[in-house]
Amino acid sequence: MVLFLLGACVSSGLDDTSLVQEESRTYEHDSELRITDGQVWGTHNSYHIAPSTDAIAEWNYTHPPLDEQLTQGIRQFEIDVVFDPEREEIVVQHIPILDDQSNCDRFVDCLQTIRDWSDAHPWHFPIQVLVEPKNEVAAWDITDHLDEVDEQIRSILGDRLWTPAMQQGDSSSLRNSVLEDGWPTLDILRGHVVFALLDRGDPQSVYTRELTDISDRVMFPLVDSEHDFAAYFLRDDPFQDGSSELVEQGFLIRTRGDAGLVFEQQRLDKAFAIGAHAISVDTQESLSQMNIEHPVSCNPLGVLGCLPSHLE
């Protein structure tokens, strides 16, 4: 069962002429608008391929390759990583053995797919990638390999990254950089990829040195709103109190417009209404509402007068 049939076939190949056109594309309001002025569609477990058995209904969905999703307008991914003890590689799986099919087997494969698409579309609105370190299966625990996760991200997407250190700049903390200066304008951030570490357990403790140092890290951690590392927030439930307040302060927010393969129009509408910057969905009913010509919409809590054509 494929839940990502969005129609409007778009060729992924570019000849030399079209590539030049892509590279020369500019937007006149990029010096005014920021990533926080837009809202993008995303997918949950973006790599996922339905297992051969349908014993667990919530696993019965398949997403196409990441570059196809990007071509259709998706600008936010969620990627689960585990460490394969046999191959000694970082691979992308929901749950080893039980739900292990992926449209990009190795983490580097996912990253390279994003890189290739980004190179072909260097004007693109910033892409958000949530990396979830999985440690439920002890033999496949990724916790001790997070340095390698960072190394792989840097090796493939180095000049495309917007990191915590870049965001903080000369500010006293990452949080203050958001509150005082905001995220960069699009003339700086177009063509970049923002990574967030989707975890608050042991992997987060290791990655952030017990929440004390991320100066050399690639991914923004999920922390409390008063912490010095606060910049990116996960609010899976769009009805959760306080999300709009975080948006108004300038923080990046990701929420889920549907969950458990259950479509609810009220939930999807709420996800956009609270001003979330990335709305992750899996159901065809949700995905069919995306405007492929203008996949980035104007945030209702963002700059007044914004038009989708200013963002894309």
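Residues numbered from 1 in each chain as written. Predicted model: local features only at pLDDT ≥ 70, side-chain atom pairs only at ≥ 80, totals over all residues. Heavy atoms only, no water.

Draft legend 1. A look at the overall build of the protein. Across its full length, the protein carries 11 helices and 10 strands. Across its three principal directions, the C-alpha atoms of the protein cover 50 × 45 × 45 Å. The proportion of buried residues among the 312 residues of the protein is 55%. Within the protein, residue pairs in contact and separated by at least 24 positions form 70% of the contacts whose partners lie at least 6 positions apart. Element-wise, carbon and sulfur atoms account for 47% of the exposed surface of the protein, whose accessible area totals about 13200 Å². (Helix = DSSP H or I, 4+ residues; strand = E, 2+ residues; numbered from the N terminus. Buried < 20%, exposed > 50% of the residue type's maximum accessible area, 1.4 Å probe, protein only. Contact = heavy atoms within 4.5 Å. Areas by Shrake-Rupley, 256 points an atom, 1.4 Å probe, with all protein chains shown as cover.)

Draft legend 2. Molecular detail of the state of the cysteines. Following the criterion strictly, the structure yields two disulfides and no others. A sulfur-sulfur distance of 2.0 Å marks the disulfide that ties Cys-104 to Cys-110. Judged by the sign of its S-S torsion, about 85°, the bond between Cys-104 and Cys-110 is right-handed. The two residues Cys-104 and Cys-110 agree in class, both being buried. Disulfide pairing places Cys-298 opposite Cys-306 at an S-S distance of 2.3 Å. Disulfide Cys-298-Cys-306: torsion about the S-S bond near -75°, hence left-handed. Here Cys-306 falls in the buried class, since its relative accessible area comes to 12%. Each disulfide in the protein links cysteines that, numbered along the sequence, combine into the pattern 1-2, 3-4. (Disulfide = S-S within 2.5 Å.)

Draft legend 3. Quick peek at the nonpolar core. Formed by 75 residues in total, the largest nonpolar core has its most connected members in Phe-107 and Phe-195. Aside from chain neighbours lying at most four places away, what touches Phe-195 is Leu-111, Val-129, Val-131, Ile-153, Leu-157, Leu-161, Val-218, Met-219 and Phe-220. (Core = buried A, V, L, I, M, F, W, Y, C linked by side-chain atoms within 4.5 Å.)

Draft legend 4. Molecular detail of unusual backbone geometry. Notably, Ile-97 is not glycine yet its phi reads approximately 75°, a positive angle. Structurally, Ile-97 is set in the loop between β3 (89–92) and α3 (107–120). A relative accessible area of 68% places Ile-97 in the exposed class. Phi at Glu-312 takes a positive value of approximately 45°, unusual for a residue other than glycine. Position of Glu-312 among the secondary structure elements: in the segment after β10 (297–298).

Draft legend 5. Seen up close, the pattern of salt bridges. Considering all chains together, one arrives at 17 salt bridges under this definition. For Asp-105, the salt bridge is made with Arg-87, and the minimal N-O distance between the two is 2.6 Å. Remark: Arg-87 occurs in the loop between β2 (76–84) and β3 and Asp-105 occurs in the loop between β3 and α3; sequence separation between them is 18 residues. On the basis of relative accessibility, which here comes to 37%, the residue Arg-87 falls in the partly exposed class. When the shortest N-O distance is used, the salt bridge between Glu-89 and Arg-106 registers 3.3 Å. (Salt bridge = Lys/Arg side-chain N within 4 Å of Asp/Glu carboxyl O.)

Draft legend 6. Representation of the pairing of strand β4 (residues 127–133). The buried fraction of β4 amounts to seven of the seven residues, a majority that puts the element mostly inside the structure. Burial along β4 is two-sided: the face carrying Ile-127, Val-129, Val-131 and Pro-133 and the face carrying Gln-128, Leu-130 and Glu-132 are both buried. As defined by bridge partners, β2 adjoins β4 across six bridges and the pair is classed as parallel. Within β4, the residue paired with Val-81 across the bridge is Pro-133. (Pairing = 2+ DSSP bridges.)

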